[in-house]
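Observations on the three-dimensional arrangement
Residues per chain, in single letters:
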Amino acid sequence: MLPLTAIPLLALMLSDNVVAFVSIGGGASSHVSITGTALLQKVKETCRAVAEGSGHEFNPTGNSPEELVQACLGPTAAGEVSAAKFRSALQTIYMQNGNVDCQHADSAPHHFNSEAFLEGRGLITGGVAVIKVNLRNENFQAARETLGKVLHTLQDFYSHSNWVELGYTEPYVNLIRPDLPLENLADRDTATCSDCASGTCPNQILPNILQEKKLTSGYMGNSSPTKPKGKCSHGGAADQTSTVVPRGGISKDERRSDNAALHTAAVSAATAASLQLLEDIRGAAGDNDFLRMMGIARSSVLCFVIDTTGSMSDDIDEAKAVANDIINSKRGTQDEPSEYILVPFNDPKVGPLIRTNDADVMKKKIAELKANGGGDEPEMCLSGLRLALTSAPASSYIYVFTDATAKDIYLRDAILALIRSTKTTVSFFLTNVIGRRRRSLTVSSFDGYRAITLASGGQVIQVSKTNLPEATDIILDTSTSALVTVLQRSRNPGKQEMFPFTLDASLKNITLYITGNKISFTLTSPAGETQSNDETSGKLGIIQTVGNLRRIRLYEDKEAGTWRININSNEPYTLKVTGQSIITFIYDFVEAFQGPHPGYAAITGLPQAGQPVTLLLSVMGRKGPSSVTINTIGLVTTSVPENVSSGTPIDMGNGDIVVTISSVPKGEFVVMLNGTDTVSNTQIQRQSTTQMSTSKVAIKAVVDSSMEPGKVVSIPFSVLTQGPGGNFAITARNGEEFPMSYPKTLTLTTGQQSKATLTITPPATTPSGTDVTLIIEAKSPSGADSNYAVLRFSVANKITDFIQPSCEVVEVQADGCPEDVTHCDGYWWELSANLTDGNGTGIERITLRQGGGDFSYTSLNAPLIHATYNASCCSQIVEFIAVDKVGNVGKCYHSIVRSGGSPALSPSLLLWLSLLVPAIISWP
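Attention in this report is confined to the structure presented alongside it. (Residues numbered from 1 in each chain as written. Predicted model: local features only at pLDDT ≥ 70, side-chain atom pairs only at ≥ 80, totals over all residues. Heavy atoms only, no water.)

As a further point, take the state of the cysteines. Within this structure, the stated rule accounts for 6 disulfides. Here Cys47 engages in a disulfide with Cys72; their sulfurs sit 2.1 Å apart. Its S-S torsion of about -95° marks the bond between Cys47 and Cys72 as left-handed, since a negative value means left-handed. Linking Cys47 in helix H1 (residues 31–53) with Cys72 in helix H2 (residues 65–73), this pair joins segments that are 25 residues apart in sequence. In this pair, the class of Cys47 matches that of Cys72, namely buried. Each disulfide pairs two cysteine sulfurs, and for Cys807 the partner residue is Cys892, the sulfurs being separated by 2.0 Å. Between Cys807 and Cys892 the sulfur-sulfur dihedral comes to about -120°; the bridge is accordingly left-handed. Highlighted residues: Cys807 in strand S34 (residues 806–813) and Cys892 in strand S40 (residues 889–895), separated in sequence by 85 residues. Free cysteine: Cys303, not disulfide-bonded; nearest cysteine sulfur from Cys381 at 12 Å. When its relative accessible area of 0% is taken as the criterion, Cys303 is described as buried. Of the residues examined, Cys381 reaches a relative accessible area of 0% and is grouped as buried. (Disulfide = S-S within 2.5 Å. Helix = DSSP H or I, 4+ residues; strand = E, 2+ residues; numbered from the N terminus. Buried < 20%, exposed > 50% of the residue type's maximum accessible area, 1.4 Å probe, protein only.)

Reading across from one edge, S26-S33-S32-S28-S30 is the order of the 5 strands in this open sheet, with mixed pairing throughout. On the outer flanks of this sheet lie strand S26 (706–707) and strand S30 (745–748), each paired with one strand and no other. Examined bridge by bridge, S26 and strand S33 (residues 786–795) share 2 bridges and lie parallel to one another. Looking at the pairing, Met707 lines up with Val795 of S33. Packed on one face of the sheet, helix H13 (residues 412–422) meets strand S28 (726–734), strand S32 (770–779) and S33 and runs near 115° to S32. (Pairing = 2+ DSSP bridges. Contact = heavy atoms within 4.5 Å. Axes fitted to C-alpha atoms, helices over the stretch in contact; angles between N-to-C directions.)

This part takes up the packing of aromatic side chains. One pass over the structure, following the stated rule, counts 18 aromatic pairs. Ring geometry for Phe112 and Phe117: centres 6.1 Å apart, planes at 35°, overall tilted. Here Phe117 and Phe157 contribute two aromatic rings whose centre-to-centre distance is 6.1 Å and whose plane-to-plane angle is 70°, an arrangement assigned as edge-to-face. You can see Phe117 sitting in helix H5 (residues 117–136) and its partner Phe157 sitting in helix H6 (residues 140–160), a full 40 residues away along the chain. Taking the relative accessible area as the measure of exposure, Phe157 reaches 0% and is therefore buried. Grouping aromatic residues by their ring pairs yields a cluster made of Phe112, Phe117, Phe157, Tyr158, Trp163, Tyr168 and Tyr172. Here the basic side chain of Lys423 rests over the ring of Tyr587, its NZ or CZ set 4.8 Å away from the ring centre. (Phe/Tyr/Trp six-rings, centres within 6.5 Å; stacked < 30°, edge-to-face > 60°. Lys NZ or Arg CZ within 6 Å of the ring centre and 35° of its normal.)

Remember, this is a structural readout, not a statement about activity or role.
Pasting the structure below:
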């Protein structure tokens, strides 16, 4: 296992060389550095191809992820772009890579230990198939999670086997090609290693194994010293087999004086293999979806959840008009959504969910909405919201339009778990709450919605139909790129209070939102200028009042410094201050795990009460992380009594920060960060939106990344409480309503873990690529304490077609091209080729990857597809890829580059290059 260091940290330097990395307590390369090197190189290649294909130059101004994202997306529209989603995607992949050490420490196939080559290869190829089916269905988060796990196993092969000892420097392509056999494996009875009494010998592989090119790997015993006679050990203090003759170990996880060359060779091969695998995935997905998987997109999705019951008949037309206006207003801007999601809900019907990246398709689907059905007042609102939460990317904004309370209020805890795990913000637009049709309702009838919005950092906006367009200005504000939260507070009951907040020079479009009734306020600038609530156009900004919402948009010439707003109301209210800035942060609550390669894993539920909590943060600045200095990081309660708990930030370099907070505040809290923007030398303040809390209950579960339709899957889970014991209620829900079986109660004793198993069965008719979110919740006997685990997996059909599409170059006419390329203008060359998928699933897509000429091909439905390419002699390379219906990828490449007056490649040469053989890899 190439070790994840104590903290998964990476210096995200986007050079053509291998990426530098931070290592705790040693100079060894890690899974993070290897994965980061490959990901960033492949992202750069893809961004360059997309930019050049659109007629733009790809020219990052620096080496930071922020500057890479700006260069990748900036030329297509004006405005700043945040790198937060890119950083978040990277962090997800790193964390899931590390989870293999946490969750599968004793699994030989996951690490290619104990000569488990066939099983390890099966994990890789099966995982890649799941990634491809997820990308086909735009389940990008599920694809990231599986990618991290697959990369860990693939990389371990080069550290744990004798591949580099055998003299190989290139990756073993057969590991990601299930149609190719794994050859020359050492059998179980063949001795492979010599004894090493010191435990650190330069090369323990027996001479006959090296001469015969036999492939072997070290045996690993975390709990037992048993291994077959004569076999190599993994090595290290945690490996009990390393003291059994032959002693020592062949692991190249760490660079030591005795294995420095082998360690370096293993890192190089693992990096090249990671690039191979990523290129295969990129080819199957296409450039745009590959970048979306990596979190590189203009903005988040625009997600609407709309009530279509009969009572909405005179409101739904206005909601449709508002949605169309929002879509139109963002077209061609930096804030144009990368995807649109629509979830209609009725009673009892919910959905179908509609996803598209085509604005015209979304407008058409919205226009088709009709109000009908219902009858009783409560509707299936939370079911519609749950469907949106399990479908939208993390950190999305979801907007719910309804005039009714929720019939399915029993889903509230599941909704809160999804919000916290995805860090998604939900806002409700309640039309005619107290009006002509809902006179029997009171404001308190919607308290369930308020709890959801408070937890997510959203708002409940009560508005009439006629004022709905004004209220939805908030959607224009929040569905934007580089949105950050400066301050967020709630008060229930209300009281008079002064709220200070800091604005820095990078912030634009600064907006304050106050929701509540019977509210007065006064806003004060750093210079002492004031504006009260009755001044709609004052010295500081424009105040808009609609329903229970006050929206204050500050003028663009606002001052940096400390602002204050004094709010006075006896009724509940919320305050939120937002702006646009690429200075932001992402975070995860993490916990340490032990074992052969200890590290940190992200917590999927609530942190433990009464224990210190640890956060891993990545901070982004205008010129990369070096342009931000962090002063304090803390947890702050958002309601009265307000309490702040801080820890000492440990700067790990390159924007990565670890902070442990020993005393966690009681109640709901958010993460608060304060520092300095070194570009402007102004103080910055940023805050997370999702409210968290702690729990004395801990629940853990492990699930594989996929399951097959019609097959039962067992998921072990455990529950522990540090509070009073007793009979804890267990609840499990999955968004697809697949049949499940699990114990409804578990008897817990304080401090002792109780284990159980959940089984889930996707029906045989489940479409391949279905993304499933499973929530397991444990609640104390009193109901006062609970916690949850959120698991994600995919349903995927078993793949039997592993054959790549094939290509035969039929003819190349390039004799007319001059030998001197400077005289190429006005001359043309042609190529024709035949493509087929043989007995496979059939070619689904053919794409021109390189070349500036005209490319065409005959019908994809034909058994033999004829492709033609015509280009200027100035464009001397052509490359196109063919992808079949299960994601197998083939690459055709031809060059007419001449050297010394002779063609570099014979025109009649068959130039079919497997995608899985790297074309060009830049090494340091």
